[in-house]
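Descriptive analysis of the structure
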Amino acid sequence: MRTIRIATVVGARPQFIKAAAVSRAIAEYNQQSRGCVIEESIIHTGQHYDDNMSKVFFDELHIPRPTVNLNVGSGSHGKQTGAMLEKLETFFHDAKPDWVLIYGDTNSTLAAALAAAKLHIPIAHVEAGLRSFNRRMPEEINRVVADQLSALLFCPTDTAVKNLADEGITRNVYQVGDVMYDSVLFNKGLAEQKSKVLENFNLSSKQYILATVHRAENTDVPERMNQILAAFDAIDQTVVWPIHPRTRNLLGDQLKKLSGHVQVVDPIPYLDMLMLERHARLILTDSGGVQKEAYWFDVPCVTLRDETEWGELVEEGCNVLCGAKQARILDAMKVTCQFDAVRPDLYGSGNSSERIVSILAKGELL
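Residues numbered from 1 in each chain as written. Predicted model: local features only at pLDDT ≥ 70, side-chain atom pairs only at ≥ 80, totals over all residues. Heavy atoms only, no water.

A closer look at the overall build of the protein
A count of helices and strands for the protein gives 16 helices and 13 strands. For a compact globule of 366 residues, the expected C-alpha radius of gyration is about 21 Å, and the protein comes in at 20 Å, within 12% of that figure. In terms of overall dimensions, the protein has C-alpha extents of about 60 × 45 × 40 Å along its principal axes. Looking at the 366 residues of the protein, the share that counts as buried comes to 56%. Total accessible area computed for the protein in this model is approximately 15500 Å², and 49% of it derives from carbon and sulfur atoms. Considering the protein, the positive charge centre built from 38 side chains and the negative charge centre built from 46 side chains are found 2 Å apart. (Helix = DSSP H or I, 4+ residues; strand = E, 2+ residues; numbered from the N terminus. Rg over C-alpha atoms; globule rule 2.2 N^0.38 Å. Buried < 20%, exposed > 50% of the residue type's maximum accessible area, 1.4 Å probe, protein only. Areas by Shrake-Rupley, 256 points an atom, 1.4 Å probe, with all protein chains shown as cover. Lys, Arg positive; Asp, Glu negative; His and termini not counted. Charge placed at Lys NZ, Arg CZ, Asp CG, Glu CD.)

Structure follows, in structure tokens:
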């Protein structure tokens, strides 16, 4: 029986969601006894260390417990990435995985790619090829470097494949769809059954706005953040804002000055978040994942950024880019987003994880 050892590196909330879908697919693959067994080790860098951003996701999504938690915690980009790089190098050197599996565009992604590449361990990148074309975004740097170092590149969209081709990357590139769609399809029914978040926050379906703001391009620029807060204040409807701990720390007493209709709450579990997204009238966000989840739930989305790596949502007319000016945000909220009765499968058919595992199991590089 052939064994393939995969080291999965995660550290942030969106990565836990993506990894859960692939881990399920790995378990299903192993049950079918195809002459190959995949042994997965999960390395949690500790980039998200708050229980509401980390432990609850492992519990709720039934992700196998991490083989190791590096407990890196927060810090500047250099400090955080450097600490991860040092600890991941030690783990990879001892464990000798056949593949290092990375997700998305966080500092955990970058550190894992660098550590694996220097030890000559092949890298598989899930969510490869995304580009905002804004090199001032730390996530953009992480994406570009990770893609350049990866041996297998799993793209969620045709646009992502084209982006890689434009950079000269064409070998071992697969358009597999989006693993987050797999996760939404798997969990949305469970969320309806188990979540009590609407009752707990005294919310009625389609009678509130959901907001998320966490990207440094907003939170670290006072002028932008002040404009976003002013827009939230001016909205004449309940705004529910699950806030990232880092954002809460940055804003401090500013949060106390918000009007009473803005409900600032702690980060919430994934199933509760799905329910809030599904029943919102509209979503205001700078999150890439939330933009897609809004699309899957047919909820209009206003993106608080100047560009997005999910440009196809803007082209489809269901996502409005508005930047971070109060007037533009409020104007964008008046736009009626269009949802066609028959939508294109922008992100696959919900079997992306199975396709990724099948390709990894073959282990063949062109």
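A few points about the layout of surface pockets
Here the second largest pocket defines a volume of roughly 210 Å³. Asn-134, Arg-136, Met-137, Pro-138, Ala-216, Glu-217, Asp-220, Val-221, Arg-224, Asp-306 and Glu-307 together form the lining of the second largest pocket. (1 Å grid on protein atoms, 1.4 Å probe; cavity = no way out; pocket = protein on both sides within 12 Å on 5 of 7 lines; lining within 4 Å. Points joined across faces, edges and corners; volume = space filled by probe spheres on them.)

A closer look at helix H6 (residues 158–166)
For H6, the full list of buried residues reads Ala-160, Asn-163 and Leu-164. The buried residues of H6 all sit within an arc of 95° when viewed along its axis, so they share a single face. Summarising the geometry of H6, the exposed residues directed more than 90 degrees from the buried face are Asp-158, Lys-162 and Asp-166. In this structure, the buried side of H6 is in contact with helix H5 (138–149), strand S6 (152–155) and strand S7 (173–175). (Arc of directions from axis to C-beta. Contact = heavy atoms within 4.5 Å.)

Some remarks on the pattern of salt bridges
Tallied over the full model, the rule gives 20 salt bridges. A salt bridge links Asp-220 to Arg-246, with the nearest nitrogen and oxygen atoms 2.8 Å apart. Here Asp-220, found in the loop between helix H9 (216–219) and helix H10 (222–234), pairs with Arg-246, found in helix H11 (residues 245–251); they are 26 residues apart in sequence, far enough to count as distant. For Asp-220, a relative accessible area of 38% corresponds to the partly exposed category. By relative accessible area, Arg-246 is classed as partly exposed at 38%. (Salt bridge = Lys/Arg side-chain N within 4 Å of Asp/Glu carboxyl O.)

Things to note about unusual backbone geometry
What you tend to see is this: most non-glycine residues have negative phi, and most peptide bonds are trans. Phi is positive for Glu-127, close to 80°, though the residue is something other than glycine. Within the secondary structure, Glu-127 sits in the loop between strand S5 (123–126) and H5. Exposure remark for Glu-127: the relative accessible area of 9% places this residue in the buried category. Of note, Lys-206 is a non-glycine position whose phi angle comes to about 65°, a positive value.

Notes on the sheet that holds S6
Pairing in this open sheet of seven strands is parallel, and the strands run S3-S2-S1-S4-S5-S6-S7 from one edge to the other. A strand with exactly one partner marks an edge of an open sheet, and here the two such strands are strand S3 (68–69) and S7. Two elements, S6 and S7, share three bridges in a ladder whose sense is parallel. Within S7, the residue paired with Phe-154 across the bridge is Tyr-174. Strands strand S1 (2–10), strand S2 (36–44) and strand S4 (99–103) of the sheet are contacted by helix H1 (residues 13–31), whose axis makes an angle of about 160° with S2. Sitting on the sheet, helix H3 (residues 77–95) touches S1, S2, S3 and S4, and the angle it makes with S1 is about 170°. (Pairing = 2+ DSSP bridges. Axes fitted to C-alpha atoms, helices over the stretch in contact; angles between N-to-C directions.)

Structural notes on helix H12 (residues 270–279)
With nine of its 10 residues buried, H12 lies for the most part within the structure. For H12, every residue scored as buried is listed here: Tyr-270, Leu-271, Asp-272, Met-273, Leu-274, Met-275, Leu-276, Glu-277 and His-279.

Digging into the sheet that holds strand S13 (residues 319–321)
Taken together, the six strands give an open sheet; going across it, the order is S10-S9-S8-S11-S12-S13, and neighbouring strands pair in parallel fashion. At either margin of the open sheet sits one strand with a lone partner, and together these are strand S10 (262–265) and S13. Strand-to-strand, the axes of this sheet are offset by a mean angle of 20°, without reference to chain direction. When strand S8 (residues 208–212) meets strand S11 (residues 282–285), the two strands line up parallel, connected through four bridges. Bridge assignment links Ala-211 to a residue of S11, and that residue is Leu-284. Across the sheet, H10 touches S8, strand S9 (238–242), S10 and S11, and the angle it forms with S9 is around 140°. Across the face of the sheet, H12 comes into contact with S8, S9 and S11 while running at roughly 130° to S8.

Focus on the packing of helix H7 (residues 179–194) against H12
H12 packs onto H7 with a crossing angle of 90° between their chain directions and a minimal axis gap of 9 Å. As judged from the angle between their axes, H7 and H12 are roughly perpendicular. Counted together, Ser-183, Val-184, Asn-187, Lys-188, Leu-190, Ala-191 and Glu-192 of H7 and Tyr-270, Leu-271, Leu-274, Met-275, Arg-278 and His-279 of H12 form the full contact between these two elements. (Parallel < 35°, antiparallel > 145°, perpendicular 65-115°, else oblique.)

Let's talk about the state of the cysteines
For the structure shown, the criterion picks out zero disulfides. Cys-322 takes part in no disulfide bond, and the closest cysteine sulfur to it belongs to Cys-301, at a distance of 9.2 Å. Its relative accessible area of 1% is what places Cys-322 among the buried residues. (Disulfide = S-S within 2.5 Å.)

Re the environment of Gly-11
Among the secondary structure elements, Gly-11 is positioned in the loop between S1 and H1. Note on Gly-11: relative accessible area 0%, which makes it buried. When the C-alpha atoms of Gly-11 and Val-72 are compared, they prove to be 9.3 Å apart, with 61 residues separating the residues in sequence.

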